[in-house]
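Secondary and tertiary structure notes
Chain residues, written in single-letter form:
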Amino acid sequence: MNQSIRLDSMSSLSDNRLIRQIESLRGKEQKVLAGILRHLVEIERRRLYLPRGYSSLFEFCTQHLKYSRSSAGRRVAAARSLARFPVLEGYLLNGEVNLYALSLVSGILTEDNIEQVISGIRNRSTSEVESLVARHRPGRIVRDRVRTVCVMEPETRKRGKERDDTAAAGSTSAWNTGGANSAGRAGSTPGAGSRKLPDPVVEGSGSNTLERVRISRKYKLEFAVDPEFMRKFKRTKTLLSNRYPGGIGFEELFMLLMDEYIDRHSPEGRAARREKRHAHKSDQDRDPTREIGSVKARLVSNGEGEIRSRNIPQRVRDEVFLRDGGKCTFIGSDGRRCESRWNLQIDHILPFARGGDNSPGNLRLLCGKHNRLEAERVYGSPHMERFRKKE
Ligand SMILES: [Zn+2]
């Protein structure tokens, strides 16, 4: 390095001098880089990392040489390109090929394509190099990847959950759930639903603020998916839109799906369900009024001695959903049907409170916004305001 360059002297340099100096440094950087790669090639050939306690050249680079994982990965891959095809070093030194390109092509280089690859990466942009590699090896660019990251967040931040705003008028409910009691369904495996906060790693003060921050360890996943995945992904989010009208984050969504799978397929999940069924059954055997009592709690009398239930059986919900095509059935004043699939709710056409029943003929799908509009039409805005304030 040029010892004469000091940060505090930079401001006095002329524009031309500044540019000339960085060009000169860049040239030196390329020489140093080529030297590093040459050393890595030889260290790998001698496997010198092994007796020093590292299992790979990569580990040697991250732990001994203190490179970041991505920097180490690029250097190791590029070194392997140079080891097989030393001719590439010249292009690195004259700046026609950069480190990233050398690392990318390491997986596709062969004796047969070396000439073709060189012409495909010399003086080419990063995206041109990436598409060259993608043509040779589809899927190479975006590999499955897990990284550890630290996330700082204000200590005082409230981790508020999305409120479930279904059934605002009391006469409706989400089409695919049994109402509010379904919210905890996915967490029935012991411990499965109880990991809202990641492990705190360090606590300290934010550098620019007096507010204390919590630093959490998180993981960053990266993977490429097919259109079929995206179709199912959107479908799942739509199905969940009753519980998460504001949308659901990737982490929460995958957590929910995994909880459901673990609950269903793990030995402990199955055992917990068996135990629950067993306990339920022996309760019924011991005290037959108990179950009736709990059903009664969900029933209301219509004042004429007749008992009705607000709960619409899932079978009926599904029937209404399929009949209405899984879309909001609201028809606007100009005859346009809404057709939203977001936050669908089952609406009683003749409201339940006014004697409407749970037969499919009295039920229809409405999106949350149109359900609210209908409720305002039926009950009036002041009545609906009361519900909103409670939320
Ligand atoms: Zn709608």
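Residues numbered from 1 in each chain as written. Predicted model: local features only at pLDDT ≥ 70, side-chain atom pairs only at ≥ 80, totals over all residues. Heavy atoms only, no water.

1. Looking at the overall build of the protein chain
Across its full length, the protein chain holds 14 helices and 8 strands. Taken across its 391 residues, the protein chain has 30% of its residues classed as buried. A fraction of 61% describes how many contacts in the protein chain between residues 6 or more apart in sequence connect residues 24 or more apart. (Helix = DSSP H or I, 4+ residues; strand = E, 2+ residues; numbered from the N terminus. Buried < 20%, exposed > 50% of the residue type's maximum accessible area, 1.4 Å probe, protein only. Contact = heavy atoms within 4.5 Å.)

2. Considerations on the coordination of the zinc ion
Looking at the metal site, the zinc ion is ligated by Cys328 (SG), Cys338 (SG), Cys367 (SG) and His370 (ND1), spaced 2.0 to 2.4 Å from it. Angles of 103 to 123° at the metal separate the 4 donor atoms of the zinc ion, which places the site in the tetrahedral class. Read from N- to C-terminus, the donor residues coordinating the zinc ion fall into the pattern C-x9-C-x28-C-x2-H. Here His370 lies in helix H13 (residues 368-379) and Cys328 lies in the loop between helix H12 (314-323) and strand E7 (344-348), a separation of 42 residues in the sequence. (Donors = N, O, S within 2.8 Å, 3.2 Å for Na, K, Ca; no water. Tetrahedral: all angles 85-135°; square planar, octahedral: opposite > 155°, others 65-115°.)

3. A short note on the confidence of the model for the protein chain
Scored by pLDDT, the protein chain comes out at a mean of 78, with 73% of its residues at no less than 70. Per-element confidence in the protein chain is highest for helix H3 (residues 69-84), whose mean pLDDT is 95, and lowest for helix H11 (residues 288-297), whose mean pLDDT is 40. Between residues 178-207, whose pLDDT stays under 50, and residues either more than four places distant or in other chains, the model counts 51 contacts. (pLDDT = per-residue confidence, 0-100.)

4. Focus on the nonpolar core
Counting 34 residues, the largest nonpolar core has Leu37, Leu57, Leu88 and Leu102 as its most contacted members. Within the residue set of this core, elements represented by two or more residues are helix H1 (15-46), helix H2 (57-64), H3, helix H4 (88-93), helix H5 (99-105), helix H6 (114-121) and helix H7 (126-136). Beyond its immediate chain neighbours, meaning those up to four positions away, Leu57 contacts Leu40, Ile43, Glu44, Tyr49 and Val76. Ile312, Phe321, Leu363 and Leu365 belong to the second-largest nonpolar core, a separate cluster that totals 13 residues. (Core = buried A, V, L, I, M, F, W, Y, C linked by side-chain atoms within 4.5 Å.)

5. Quick word on unusual backbone geometry
A positive phi angle, close to 55°, is found at Asn123, a residue other than glycine. Inspection of the secondary structure puts Asn123 in the loop between H6 and H7. A residue is classified by how much of its surface remains accessible, and Asn123, at 56% relative accessible area, is exposed. With a phi angle near 55°, Asn343 is a residue other than glycine that sits in the positive phi range. Of the residues examined, Asn343 reaches a relative accessible area of 6% and is grouped as buried.

6. Topic: the packing of H6 against H7
Where H6 contacts H7, the two axes come as close as 9 Å, and the packing angle between them is 150°. Accordingly, the angle class assigned to the pair H6 and H7 is roughly antiparallel. Along this stretch, H6 crosses H7, giving a crossing that reads as right-handed. Here H6 contributes Gln116, Val117, Gly120 and Ile121 to the contact with H7, which in turn contributes Val129, Leu132 and His136. For the contact of H6 with H7, the residue count by class is 4 nonpolar, 3 polar and no charged. (Axes fitted to C-alpha atoms, helices over the stretch in contact; angles between N-to-C directions. Parallel < 35°, antiparallel > 145°, perpendicular 65-115°, else oblique. Left-handed = near helix turned anticlockwise from the far one by under 90°. Nonpolar A, V, L, I, M, F, W, Y, C, P; charged D, E, K, R; others polar.)

7. Considerations on a nonpolar patch on the surface
Together, Val146, Tyr219, Leu221, Phe223, Val225, Phe229 and Met230 line one region of the surface with nonpolar side chains, adding up to about 650 Å² of accessible area. Counting residues per element, the ones that place at least two in the nonpolar patch are strand E4 (212-222) and helix H8 (227-239). Residue Leu221 is classed as exposed on the basis of its relative accessible area, which comes to 57%. (Patch = residues over 30% accessible without salt bridge, like charges linked within 9 Å, V, L, I, M, F, W, Y side chains within 5 Å. Areas by Shrake-Rupley, 256 points an atom, 1.4 Å probe, with all protein chains shown as cover. Salt bridge = Lys/Arg side-chain N within 4 Å of Asp/Glu carboxyl O.)

8. Quick word on the environment of Asn94
For Asn94, the location among the structural elements is in the loop between H4 and H5. With 63 residues separating them along the chain, Asn94 and Lys31 place their C-alpha atoms 9.2 Å apart.

9. Some thoughts on a positive patch on the surface
A contiguous patch of positive charge, built from Arg69, Arg74, Arg147 and Lys220, is present on the exposed surface. With respect to the helices and strands, Arg69 occurs in helix H3. When its relative accessible area of 58% is taken as the criterion, Arg69 is described as exposed. (Lys, Arg positive; Asp, Glu negative; His and termini not counted. Charge placed at Lys NZ, Arg CZ, Asp CG, Glu CD.)

10. Examining the packing of aromatic side chains
Considering all chains together, one arrives at 5 aromatic pairs under this definition. The interplanar angle of 80° and the centroid separation of 5.2 Å between the aromatic rings of Phe233 and Phe250 together place this pair among those described as edge-to-face. With Phe233 in helix H8 and Phe250 in helix H9 (residues 250-265), this pair connects stretches of sequence that are 17 residues apart. By relative accessible area, Phe233 is classed as buried at 10%. Residue classification places Phe250 among the exposed positions, given a relative accessible area of 54%. Clustering of aromatic rings is evident, with ring pairs tying together Phe223, Phe229, Phe233, Phe250 and Phe254. (Phe/Tyr/Trp six-rings, centres within 6.5 Å; stacked < 30°, edge-to-face > 60°.)

11. Focus on the pattern of salt bridges
Pairing between side chains of opposite charge can happen when the charged atoms of each approach one another. In the structure shown here, the tally under the stated rule is 14 salt bridges. Note that Arg26 and Glu29 form a salt bridge whose closest N and O atoms lie 3.1 Å from each other. Here Arg26 and its partner Glu29 are both found in helix H1, 3 residues apart, which amounts to about one turn of the helix. Of the charged contacts, one joins Arg122 and Glu96 as a salt bridge, the two residues approaching to 2.6 Å between their closest N and O atoms. Here Glu96 lies in the loop between H4 and H5 and Arg122 lies in the loop between H6 and H7, a separation of 26 residues in the sequence.

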